[in-house]
Each structure stands twice: as structure tokens, then as C-alpha cells.
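# Examination of the molecular architecture
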Amino acid sequence: MQITLNGERFELDRPVSVTDLLAKLDIDPRRVAVEHNLGILKRQRFPEVLVHEGDTVEIVNFVGGG
Amino acid sequence: MNDSPFVIGGRTFRSRLIVGTGKYPSNAVMAQAHEASGADMVTVAVRRVNISDRSRESLLDYIDTARMFILPNTAGCYTADEAVRTAHLAREAGLSNWVKLEVIGDERTLFPDNEALIEATRRLVKDGFVVLPYTNDDPIACRKLEDAGAAAVMPLGAPIGSGLGIQNVNNMRIIREFARVPMIVDAGVGTASDAALAMELGADGVLMNTAIAGAQAPVAMATAMRHAIVAGRLAFLAGRIPRKMYATASSPVEGLVGR
């Protein structure tokens, strides 16, 4: 199945939780914010929210800026 | 000399210098410059995580978060909607409800779109944010931002990254006189004297990134900025002498030898 992850197409075998998706990507969940289908997810909901075929996911973090 | 504490949105800061985290030669140099600056608030940007290259080190590994308050920005946003969305993401990624609000109106100058900025301020304040908007050096815009609930006003000294110094000294004075919230000069500082001038005009603080990060020796420049902020603040509090056209002798005119 395919999702749109940070604007790019991304392949997944099956629907996964946001927690599992972050683990698969080697991303520390404490340092990012996640938008799922344009809605911001509270961190405590990462384990329960499933990413399905065709979903849009944005994962952002802090970078250098002024 | 006694000074009132630097308070924004109910939070007290030790330093009146706020520094950025962008464009340093390395994260290690940034960490040293932060230390040298004495700042206890740093700005960061919010961007997509690089999915294909996870090897890049995390910015937060180089910021002492026990000491530094993190102020996320909405740099690169061109509409109120984008800025509000980015602020909400920043709140989820971070630990606070503070935001340095930028809504840019033009790519070449990076001047703010004041109309959208005021709208975004109003919306974010309603959502519970402490909003620090980056704005034009326009006293009326600053007043409207304050009315919209901004916790501080942050007029630009000159375009972002330009290093031109404070272009409209008189407006800065007027903004400071009008504002009931802190005025932080944000952007345009090129060197230490620019920062000192901002403080001499009565600014409550100065925010800068490129002036330090882009200097040939960022750590030395951070030290210079720390001193400039303190010097400028003290000069402001001390009260400068009036400007006069002609000389007034400093030494006595009586008792000159041979007269």
C-alpha cells in the first residue's frame, strides 16, 4: 500500500500505527510533530492511530533558524 | 544600576539577547556561540524530517534545553493559514505554546505581510499561544498587533540577514513609546554597535541570527553582542547627554597658566 509521507510517495506492507511508522523510520517520537490527513496528532495518540492506504502523513522537527 | 527584569508573557529572561540557530558553520560552533552570547532564549525553525537521510544529527542535541528556552518560528510562511498550521505543529513538537510569528509578504525583502500577520496573531492568541510577531518598523502595525494580543512586538531593524543595522531610528523610538508590551528589535543587526544602538533607543531586547552565525568568528561575535546588549541597555538607563551643535569645554576655563 502507498501513503504520502512528507510530500513523497512511500510504500508500506500494511496499515501501521504512527508509533510503528516512526520506529520504522528510526525517528524519536519525542522530537517530532505529526500531521495525519491534515490534522495534528497529540503524541499520546501515536500508538492508536493507524495509517492506511492513501493517507497523508507529515512529520516535522526543529531545525536551525532565526 | 537597577534594571527592571526582562519579562515576556509572564516569563522572566536573564539575557536581553535572543539568538538564532541557523547558518552556523557547525552545530559545535553554534553551541559555543550560544554559550558566549549569554542568551537564554533561542529560535528554531519547523521543517519536514528528512526521511531518506536519517544520518543528520539533531539540532536539539546541541542546545542545552535546561538553560535555553526554545522559541519556534514560522519562517517561510506566506499566509496566515500556513503560519497558524506551523505554529500548531511547533507546539506539538516542542514543550511550549510560544511562537515567533512570521508571515512573509515578499520573497526578495522578506518583509512581513502585516494584514496576514495581524490575522494570524489574533487566531493564535485565541488558540492559547504566546505570540511574538516579527513585523515592520511601523508603530501603527505594532499597535494593531498589540491589540490582537501579541506578547511582544518585534520590529525589524533592516531586512533579515542584511546586516544593515537600524534603518529607521525614529520609528523605533516611537514604537517603544507607544508599546505596552516589550519591543524586541528582530533582524537587520550587522555588528555590535547596531545591537547597542537598538538598546540605547529603549529596545527591551534584540533578536539576531546571521550577525553571529555569519561572522568570521561566530563565538567572538557572540561575546561582542553580549557586551553590546549590556552596554546599550546601561546607556539607555543612564540617560545620554543632549546633542549640541558646538563644544562645551570639559576642563575649567579659569586658572589657565599665563593668562
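Anything mentioned here points back to the structure above.
Presented here is an overview of the structure given in this document. These figures come from a predicted structure and were not determined experimentally.

## A short note on the interface of chain A and chain B
In this complex, chain A contributes 27 residues to the contact, which on the side of chain B involves 30 residues. Buried surface at the junction of chain A and chain B, both sides included, amounts to about 2,500 Å², of which 58% is carbon and sulfur. Taken as a group, Arg31, Phe62 and Gly66 of chain A account for 31% of the area that chain A buries against chain B, more than any other trio of residues on that side. In this assembly, chain A and chain B are joined by four salt bridges. Here Glu92 of chain B and Lys42 of chain A are joined by a salt bridge, their closest N and O atoms 2.9 Å apart. Here chain A and chain B share 16 residue pairs in polar contact (both at pLDDT 80 or more) between them.

## Let's talk about the packing of helix H6 (residues 192-200) of chain B against helix H8 (residues 218-238) of chain B
Residues and elements named next belong to chain B. Between H6 and H8, the shortest axis-to-axis distance is 7 Å and the interhelical angle comes to 30°. One finds that H6 runs roughly parallel with respect to H8. Helix-helix and strand crossings are classified by hand; for H6 and H8 the assignment is right-handed. On H8, the residues that touch Ala192, Ala195, Ala196, Met199 and Glu200 of H6 are Ala224, Met225, Ala228, Ile229, Gly232, Arg233, Ala235 and Phe236. In terms of residue class, the contact of H6 with H8 is built from 10 nonpolar, one polar and two charged.

## Considering the pattern of salt bridges
Once the charged atoms of two side chains with opposite charge are near each other, the side chains can pair. Taken as a whole, this structure holds 15 salt bridges over all chains when the rule is applied. Residue Asp28 of chain A is joined to Arg30 of chain A by a salt bridge in which the shortest nitrogen-to-oxygen separation is 2.9 Å. Residue Arg30 of chain A is classed as exposed on the basis of its relative accessible area of 62%. Arg48 of chain B is paired through a salt bridge with Glu58 of chain A; the nearest N and O atoms lie 2.7 Å apart. With Arg48 of chain B in strand E4 (residues 41-48) and Glu58 of chain A in strand E7 (residues 56-64), this pair bridges two chains. By relative accessible area, which is 11% here, Glu58 of chain A ends up buried.

Conventions used here
- Residues numbered from 1 in each chain as written.
- Chains lettered and ligands numbered in written order.
- Predicted model: local features only at pLDDT ≥ 70, side-chain atom pairs only at ≥ 80, totals over all residues.
- Heavy atoms only, no water.
- Contact = heavy atoms within 4.5 Å.
- Buried area = accessible area lost by both parts, 1.4 Å probe.
- Salt bridge = Lys/Arg side-chain N within 4 Å of Asp/Glu carboxyl O.
- Polar contact = N/O pair within 3.5 Å; in protein donor to acceptor, adjacent residues only side chain to side chain.
- Axes fitted to C-alpha atoms, helices over the stretch in contact; angles between N-to-C directions.
- Helix = DSSP H or I, 4+ residues; strand = E, 2+ residues; numbered from the N terminus.
- Parallel < 35°, antiparallel > 145°, perpendicular 65-115°, else oblique.
- Left-handed = near helix turned anticlockwise from the far one by under 90°.
- Nonpolar A, V, L, I, M, F, W, Y, C, P; charged D, E, K, R; others polar.
- Buried < 20%, exposed > 50% of the residue type's maximum accessible area, 1.4 Å probe, protein only.

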